Amino acid sequence: MAKKLAVIGAGLMGSGIAQVSAQAGWDVVLRDVTDEALKRGTDGIKASLDKFVAKGKLEASAAEQALARITPTTDLDAAADADIVVEAVFEDIETKQGIFRTLDGLVGDEAVLASNTSAIPITKIAAATKRPERVVGAHFFSPVPMMQLCELVRGHKTSDETLAKTREFAEGIGKTCIVVNRDVAGFVTTRLIAALVVEATKLYESGVASAEDIDIACRLGFGHAMGPLATADLTGVDILMHATENIYTECRDEKFASPELMRRMVDAGDLGRKSGQGFYQY
C-alpha cells in the first residue's frame, strides 16, 4: 500500500492525524489556508512529539523523522497525488462539500476521500463528488495521539473496497476501528455522548444535582473515565452544542435538542477549558 496522505485542516484534529500518520511512516501533506494556522499546527505536533520523547515513549530520532515526513502547505494542489485524503476542517456542511468538490477534480481515481466529521452525514458530503463510492467517514478522537478509537462511517454509496482501505490505514497508524454501517447523523459515538451531555445538562439546569455530583455518578457508577459535563468542557461546549444541533436537524429527536442553559453558555462565551469557564471554572 502506498504511503502518501493529505490532511486538510491543521487544527487540533488535523495536526494530530498528521502526527500519528507520520510516526507510522506515512509521508504527509498538511494543508491549511494560512501560514499562521500551519505554524500553530506544526508547533503543536512538535510539542506533542517532544512530550513523548521526554516520557521515554519515543526515541528523539523517531520524533525528528516523523516531523520531517510532514510537509505544511497552503496549496490544496499538493494533495493531488495522495492515496488517502482526510478532511479535518470545522463542522460546516458547505465548507466540507466545497473542499470535496475541489478534491474530486484533483486526486487520482483510486484515492480515498475521508472526512473526520463527528456528526454530518457522509452521504451529504459525498454528494458533492462524482465518486461517492470513494468517500468515507474516518472520525478520529481528540487528542489523536492518545485516543485509540477511529469510527469508520459507510456513506450510502461507500464501497467495501474504500471501507477496507480506510480501515487498513487507520489500523496501520495504531487505531482500533468500529464500523457504522448506516449513515445516521452523529453516527454511534456522537449520538451517545450528545444524548448523555444533553440529559446531564438538563439535570444540572433544573437543580436536580450539582455538576460535580452528576460527573461523579458517571465515573463511579458507570466506570466512565470522565463525566459528561467535564467532557463537554474539554471538548468545547460550543462544539458539542453544534454537534447536537446537527443531529437534531437531521432526525428531529427531542433528546438531541440542545438545552437552553447550553445555548446561553455559548452566547456568554463559557465554552469550557479553552475559555476558562464552562460547567466548571479553570
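Residues numbered from 1 in each chain as written. Predicted model: local features only at pLDDT ≥ 70, side-chain atom pairs only at ≥ 80, totals over all residues. Heavy atoms only, no water.

(A) Looking closely at the sheet that holds strand 4 (residues 84–87). Taken together, eight strands build an open sheet; the order of strands is 3-2-1-4-5-6-7-8 and the sheet is mixed. Unpaired on one side and paired on the other, strand 3 (70–73) and strand 8 (176–180) mark the two borders of the sheet. For this sheet, the mean inter-axis angle between neighbouring strands, taken without regard to orientation, is 25 degrees. Relative to strand 3, strand 2 (residues 27–31) runs parallel, the two being bridged by four bridges. Each residue of the ladder has a partner; that of R31, found in strand 3, is T73. In the packing of helix 1 (residues 12–23) onto the sheet, contacts are made with strand 1 (4–8), strand 2, strand 3, strand 4 and strand 6 (135–140), and the angle to strand 2 comes to roughly 170 degrees. (Pairing = 2+ DSSP bridges. Helix = DSSP H or I, 4+ residues; strand = E, 2+ residues; numbered from the N terminus. Axes fitted to C-alpha atoms, helices over the stretch in contact; angles between N-to-C directions. Contact = heavy atoms within 4.5 Å.)

(B) Structural view of the pairing of strand 5 (residues 112–115). Alternating residues of strand 5 divide into V112 and A114 and L113 and S115, and every residue in both groups is buried. Sheet topology places strand 4 next to strand 5; four bridges connect them, and they run parallel. Bridged to I84 within strand 5 is V112. Each parallel crossover has a hand, and for strand 4 linked through helix 4 (residues 93–104) to strand 5 it is right-handed. The sheet contact formed by strand 5 and strand 6 spans three bridges and is parallel. Bridging across to strand 6, S115 finds its partner in G137. (Buried < 20%, exposed > 50% of the residue type's maximum accessible area, 1.4 Å probe, protein only. Right-handed = clockwise from strand over helix to strand, strands pointing away.)

(C) Focus on helix 7 (residues 189–205). If you check helix 7, its first and last C-alpha atoms are 24 Å apart, about what 17 residues at 1.5 Å a residue would give, namely 24 Å. Three or more residues of helix 7 are buried, namely T189, T190, A194, V197, V198, A200 and T201. Just past helix 7, the residue G207 takes up positive phi, approximately 80 degrees. (Expected span 1.5 Å × (residues − 1).)

(D) Molecular detail of the packing of aromatic side chains. Per the stated rule, a full pass over the model turns up three aromatic pairs. Note on F140 and F169: the rings are 6.5 Å apart at their centroids and 75 degrees apart in plane angle, and the pair reads as edge-to-face. In this pair, F140 sits in strand 6 while F169 sits in helix 6 (residues 160–172), placing the two residues 29 residues apart along the sequence. Residue F140 is classed as buried on the basis of its relative accessible area, which comes to 1%. Here Y204 and F279 contribute two aromatic rings whose centre-to-centre distance is 5.9 Å and whose plane-to-plane angle is 70 degrees, an arrangement assigned as edge-to-face. Placement of the pair is Y204 in helix 7 and F279 in the segment after helix 11 (260–268), with a sequence separation of 75 residues. Residue class for Y204 comes out partly exposed when judged on its relative accessible area of 32%. The structure contains a cluster of three or more aromatic residues connected by ring pairs, namely W26, F140 and F169. (Phe/Tyr/Trp six-rings, centres within 6.5 Å; stacked < 30°, edge-to-face > 60°.)

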